[in-house]
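Commentary on secondary and tertiary structure
The chain contents come next:
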Amino acid sequence: MIQLTDLYFSYPQGDFNLRIADLNVSDGESVAITGPSGSGKTTLLNLIAGIALPASGRIETRGVNIASLSEADRREFRISVIGLVFQEFELLEYLTVLDNILLPFRVSSALALTREIRDRALELADEVEIADKLARYPDQLSQGERQRAAVCRALITRPPLLLADEPTGNLDPANKNRVLDILFDYANRESATLITVTHDHDLIGRFSTVIDFKQFHYSGPAEQSAEAMQPV
Ligand code: ADP
Ligand code: MG
């Protein structure tokens, strides 16, 4: 599903950089990514999604070298193949919950917003118990409800790959398990691959694989990798 080889990434501003020699995620795997704050977990999800591009090395997602695509093709690839649940949800405040869930179909020229898709949005909302809130705006939802709306938006296109960035952060224990249940149920049903950044050690046991950032080389102003701190 995902293959990273000799990856090197750095931001144009600041001195954070990340090296990953080799990382493979198989189809249908459920992966928890852990690591200290600032170690590059969000950056890695952005690289896999083609939102950020590596300075060198190769990233293949479903056999496609995303960096070789034009910006427009990268965007279409992302919309059709990847369901993203962002760390800060990124719901659009000026759209209703329903329109937020349908957003991938509004912004992509390749995806048609059909009756079936609208029905699917209602089904998803029903499944996560926000069906009665579809006409509201995001600022009229609780944190847990906003999170679930963001999950519905990530699932609406039936993506084979789900990337979730700390989807249980800021949620109470009941809502944490609920959000994970929704992600895992979807992944099992659709044989999708699930990659989740999480700090929650109680939840890690649910994943088939754990990737700890300690194994990568990263460095920046705030943190040093374990390896970088070892005496030479
Ligand atoms: P994590 O998700 O593990 O907390 P991030 O991937 O968000 O870490 O960030 C890794 C490092 O990169 C941090 O030091 C952060 O300050 C830095 N960083 C994040 N985004 C940018 C950016 N756009 N420009 C420069 N530095 C950035
Ligand atoms: Mg992060």
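Our structure's up above, just so we're on the same page.
Every value quoted in this text rests on a predicted model; they were computed, and no experiment measured them.

The next thing to look at is the overall build of the protein. Summing up its helical and strand segments, the protein has eight helices and 10 strands in all. Here the C-alpha radius of gyration of the protein, 18 Å, is about what a compact globule of 232 residues would show, namely 17 Å. The dimensions of the protein, computed from C-alpha atoms along their principal axes, are 60 × 40 × 35 Å. When each of the 232 residues of the protein is scored for burial, the buried share is 52%. When the accessible surface of the protein is summed, it comes to about 11100 Å², and 47% of that surface belongs to carbon and sulfur atoms. Treating the 22 positive side-chain charges of the protein as one cloud and the 33 negative ones as another, the clouds have centres 4 Å apart.

A word on the coordination of the magnesium ion (ligand 2). On the protein side, the magnesium ion (ligand 2) has Thr 42 (OG1) and Gln 87 (OE1) as donor atoms, found 2.0 to 2.6 Å from it. Residue Thr 42 is found in helix 1 (residues 41-48), and its partner Gln 87 is found in the loop between strand 6 (82-85) and helix 3 (97-101); the two are separated by 45 residues along the sequence.

The next point concerns helix 7 (residues 173-190). Here helix 7 spans 26 Å end to end across 18 residues, near enough to the 26 Å set by a 1.5 Å rise per residue. Those residues of helix 7 that fall on the buried side of the exposure criterion are Asn 175, Lys 176, Val 179, Leu 180, Ile 182, Leu 183, Phe 184, Tyr 186 and Ala 187. Structurally, helix 7 contributes buried residues whose contacts are with strand 3 (30-34), helix 5 (115-127), helix 6 (143-155), strand 7 (161-165) and strand 8 (193-197).

Bringing the site of ligand 1 into the picture now. Taken together, Tyr 11, Gln 13, Phe 16, Pro 36, Ser 37, Gly 38, Ser 39, Gly 40, Lys 41, Thr 42 and Thr 43 make up the full set of residues near ligand 1. A distance of 3.0 Å separates an oxygen atom of ligand 1 from a polar atom in the backbone of Gly 40. One of the side-chain N or O atoms of Lys 41 is found 2.7 Å from an oxygen atom in ligand 1. By residue class, the composition of the shell around ligand 1 is three nonpolar, seven polar and one charged.

Before going further, it helps to spend a moment on helix 1. Most of helix 1 is tucked away: seven of the eight residues are buried. Among the residues of helix 1, those classed as buried are Lys 41, Thr 43, Leu 44, Leu 45, Asn 46, Leu 47 and Ile 48. At the exit of helix 1 stands Gly 50, carrying a positive phi of roughly 75°.

Taken together, the five strands give an open sheet; going across it, the order is 5-4-1-2-10, and neighbouring strands pair in antiparallel fashion. Looking along the sheet, the strands with just one partner apiece sit at the ends: strand 5 (64-65) and strand 10 (217-219). For strand 1 (residues 2-10) and strand 2 (residues 17-25), the ladder comprises eight bridges, and the chain directions are antiparallel. The residue of strand 2 that forms the bridge with Ser 10 is Asn 17. Most of the contacts of helix 1 go to strand 1, to which it runs at about 120°, and overall it touches strand 1, strand 2 and strand 4 (56-61).

Criteria and cut-off values
- Residues numbered from 1 in each chain as written.
- Chains lettered and ligands numbered in written order.
- Predicted model: local features only at pLDDT ≥ 70, side-chain atom pairs only at ≥ 80, totals over all residues.
- Heavy atoms only, no water.
- Helix = DSSP H or I, 4+ residues; strand = E, 2+ residues; numbered from the N terminus.
- Rg over C-alpha atoms; globule rule 2.2 N^0.38 Å.
- Buried < 20%, exposed > 50% of the residue type's maximum accessible area, 1.4 Å probe, protein only.
- Areas by Shrake-Rupley, 256 points an atom, 1.4 Å probe, with all protein chains shown as cover.
- Lys, Arg positive; Asp, Glu negative; His and termini not counted.
- Charge placed at Lys NZ, Arg CZ, Asp CG, Glu CD.
- Donors = N, O, S within 2.8 Å, 3.2 Å for Na, K, Ca; no water.
- Expected span 1.5 Å × (residues − 1).
- Contact = heavy atoms within 4.5 Å.
- Near = heavy atom within 4 Å.
- Polar contact = N/O pair within 3.5 Å; in protein donor to acceptor, adjacent residues only side chain to side chain.
- Nonpolar A, V, L, I, M, F, W, Y, C, P; charged D, E, K, R; others polar.
- Pairing = 2+ DSSP bridges.
- Axes fitted to C-alpha atoms, helices over the stretch in contact; angles between N-to-C directions.

Shape is all these values report; function is a separate question.
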